[in-house]
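# Tertiary structure, described
Spelled out, the chains give:
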Amino acid sequence: MTTTPDLATLTGTYVIDPAHTTIGFTARHAMVTNVKGKFLDFSGSLHLDGADPAGSTATLDITMDSIDTGNADRDGHLKSSDFFKTDEFPKMTFRSTKAEALGGDDYRITGDLTILGTTGPISIDLEFNGAAKDPFGNERVGFEGKAEIKRSEWGLTWNAALETGGVLVSDKIKLNFDISAIRQA
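Model, not experiment: these values are computed from the prediction.

### Describing the confidence of the model for the protein
Looking at the protein, pLDDT values average 90 and 92% of them are 70 or higher. Across residues 1-5, confidence stays below pLDDT 50; counting only partners more than four residues off in sequence or on other chains, it has 14 contacts.

Right under this line is the structure:
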């Protein structure tokens, strides 16, 4: 991708392109390995203010029933009342409250994450990967981001003790974002 030298030219509203975006997570399983997953159904938008990044905003709506860890039984358990209660709480949402430039291509977006009807703060560190016009004439921007949360702070407390000590599922969850967004206006 070609990075646009003048960020002010990127100012505008963008829609997240789900075909070229991954919203994923990693959890420690049985204290010894990582299980990775992602959400297949989501939508979101960004308003970028290239001249004043603090004026930028982001929203994200994730359909919880679209969770995919590559294992149907595990996905079913995650959708159940032990975890996400997808029948009662079909969406997870993020609404930004603050954006800041950290220097270079690094940014931080802070906002409210709502899971299971509980809203709490989260900060996502983002790296701007660049801007480009794709072969179809769409103006795109790309960001790669990461954050960590404690799932217990959102009421996700189910666990099982292990015979050898420890628990089946870590409280700390790593969130990963690979975002491609298309300019709308």
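### Looking at the pairing of strand β7 (residues 91-103)
In this sheet, β7 lies alongside strand β5 (residues 57-63) in antiparallel orientation, the contact comprising five bridges. In the sheet register, Leu60 faces β7, and the bridge partner there is Phe94. Of the strand pairs in this sheet, β7 and strand β8 (residues 106-115) are connected by nine bridges, and their pairing is antiparallel. Counted as the bridge partner of Gly103 is Asp106 from β8. The loop that links β7 with its antiparallel partner β8 comprises two residues; one of these, Gly104, has a positive phi angle of about 60°.

### Things to note about the pattern of salt bridges
Side chains that carry opposite charge are capable of pairing whenever their charged atoms lie near each other. Across all of its chains, the model carries seven salt bridges by this definition. Close ionic contact of Asp125 with Arg108 constitutes a salt bridge, the shortest N to O distance being 2.6 Å. Residue Asp125 is found in strand β9 (residues 118-133), and its partner Arg108 is found in strand β8; the two are separated by 17 residues along the sequence. Take Asp125: its relative accessible area is 29%, and that puts it in the partly exposed class.

### Some details on the packing of aromatic side chains
Applying the stated rule across the entire model yields two aromatic pairs. Relative to Phe143, the ring of Phe128 has its centre 5.3 Å away and its plane inclined at 55°; by these criteria the two rings are tilted. With Phe128 in strand β9 and Phe143 in strand β10 (residues 139-150), this residue pair connects regions lying 15 residues apart in the sequence.

### Section: unusual backbone geometry
In this structure, Lys85 takes a positive phi of about 45° despite not being glycine. Tracing the sequence through the fold places Lys85 in the loop between α1 (72-79) and β7. The partly exposed category is assigned to Lys85, whose relative accessible area is 32%. Although it is not a glycine, Leu116 sits at a positive phi angle of roughly 55°. On the secondary structure map, Leu116 appears in the loop between β8 and β9.

What counts and what doesn't
- Residues numbered from 1 in each chain as written.
- Predicted model: local features only at pLDDT ≥ 70, side-chain atom pairs only at ≥ 80, totals over all residues.
- Heavy atoms only, no water.
- pLDDT = per-residue confidence, 0-100.
- Contact = heavy atoms within 4.5 Å.
- Pairing = 2+ DSSP bridges.
- Helix = DSSP H or I, 4+ residues; strand = E, 2+ residues; numbered from the N terminus.
- Salt bridge = Lys/Arg side-chain N within 4 Å of Asp/Glu carboxyl O.
- Buried < 20%, exposed > 50% of the residue type's maximum accessible area, 1.4 Å probe, protein only.
- Phe/Tyr/Trp six-rings, centres within 6.5 Å; stacked < 30°, edge-to-face > 60°.

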